[in-house]
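Summary of the model geometry
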Amino acid sequence: IERQPIVDNVTQGGQLPAFGFVPPGIKGASEEFRKEHADSGYFTENVEEAKKLLEEGMKEEGYTTLPEITLLYNSSEAHQKIALAVADMWKRNLGVDVKTQNQEWGVFLENRKQLNYQIARAGWSADYNDPINFLDMWTTGNGNNDSGYSNPEYDALIKATRSESDQAKRMEEFAKAEKLLIQDDVVVAPIYYYTNVSLTKPNVKGIALDFSGAIDFTRAYLTQ
């Protein structure tokens, strides 16, 4: 999946290509988590390596041709464009045909919950400013874990963050968990981080954005 072309040509909203699951803006020990633990080392968009791994995987499974694969997404023009772009990239880069299928939101959520899919679209935003709000959801049995993912090592790392008082060590544990999720176990393939695009008149002061991108007008004022 080539992320930069998706944000440049498909979403076109100033989104940032994502290689991790915790986005910029979420606090770490002394600054943003993403600045303390860069997502650039989790994987690269290496077409030749992807072809090699696909070939090795097919041999391991005894396939001469890839079985039918379907990418599921909920009904939305924006999500359809992304799904079609991803399927086109897999066709162009790997030579494989992937079907795309859209479903009404309620049906889509139920199929994800029941693990009735092969590949499915998803998105997430946080309720509070901490990496755990993004990484806790992938623990075994979590109500938001629609992947079926279960790794005792991952669960132990997330559990440890709940009792660790040293914030630097706590962020290290989050980084180890995210590495397991993205690089080692390849549970999710991040595409982009949400962003906000806005214009503010020069005489409007005191406006702030919180970690989720919500606008805070409580200290806003106008100047002449």
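Anyway, here's the lowdown on the structure attached to this text. Per-chain numbering applies: the sequence of each chain, read as written, is numbered from 1 onward. Reporting of local features is limited, given that this is a predicted model, to residues whose pLDDT is at least 70; pairs of side-chain atoms are given and counted only at 80 or more, and all residues count toward the totals for whole chains, interfaces and linings. Excluded from the side-chain calculations are hydrogens and water; all other atoms, namely the structure's heavy atoms, are used.

So, helix H8 (residues 167–184)
To qualify as a helix, a DSSP run of H or I must reach at least 4 residues; to qualify as a strand, a run of E must reach at least 2; elements of each kind are numbered from the N terminus. To estimate how far a helix should reach, multiply one less than its number of residues by 1.5 Å. Taking 1.5 Å of rise per residue, the 18 residues of H8 would be expected to cover 26 Å, and the 24 Å separating its terminal C-alpha atoms lies within 8% of that figure. Along H8, the positions that sit buried rather than exposed are Arg-170, Met-171, Glu-173, Phe-174, Ala-175, Ala-177, Glu-178, Leu-180, Leu-181 and Ile-182. Pairs of N or O atoms within 3.5 Å make up the polar contacts considered here, provided that, within protein, one atom can donate a hydrogen while the other can accept it, and that residues adjacent in sequence are counted only when both atoms are side-chain atoms. The opening residue of H8, the one whose side-chain oxygen lies 3.0 Å from the backbone nitrogen of Ala-168, is Asp-166. Trailing H8 by a residue or two, Val-186 shows a phi angle of about 45 degrees, which is positive. Residue burial is assigned from relative accessible area. The probe radius is 1.4 Å, only protein chains are included, and a residue is buried under 20% of its type maximum, exposed over 50%, and partly exposed in between.

Quick word on the packing of helix H1 (residues 3–11) against helix H4 (residues 77–94)
Axis geometry follows a simple rule: fit a line to the C-alpha atoms, using only the stretch in contact for helices, then measure angles between N-to-C directions, giving values from 0 to 180 degrees. At a closest axis distance of 11 Å, the pairing of H1 and H4 adopts a crossing angle of 140 degrees. Between H1 and H4, the interaxial angle falls into the category oblique. In the packing of H1 onto H4, the handedness of the crossing is right-handed. Between H1 and H4, the contacting residues are Pro-5, Ile-6, Val-10 and Thr-11 on the first element and Lys-81, Ile-82, Ala-85, Val-86 and Met-89 on the second. By definition in this entry, angles of less than 35 degrees are roughly parallel, angles greater than 145 are roughly antiparallel, angles of 65 to 115 are roughly perpendicular, and the rest are oblique. It is the rotation of the near helix from the far one that decides the hand of a crossing: anticlockwise by less than a right angle makes it left-handed, clockwise makes it right-handed. Contacts between residues were defined by any pair of non-hydrogen atoms, one from each residue, lying within 4.5 Å.

These figures come from the coordinates and say nothing about function on their own.
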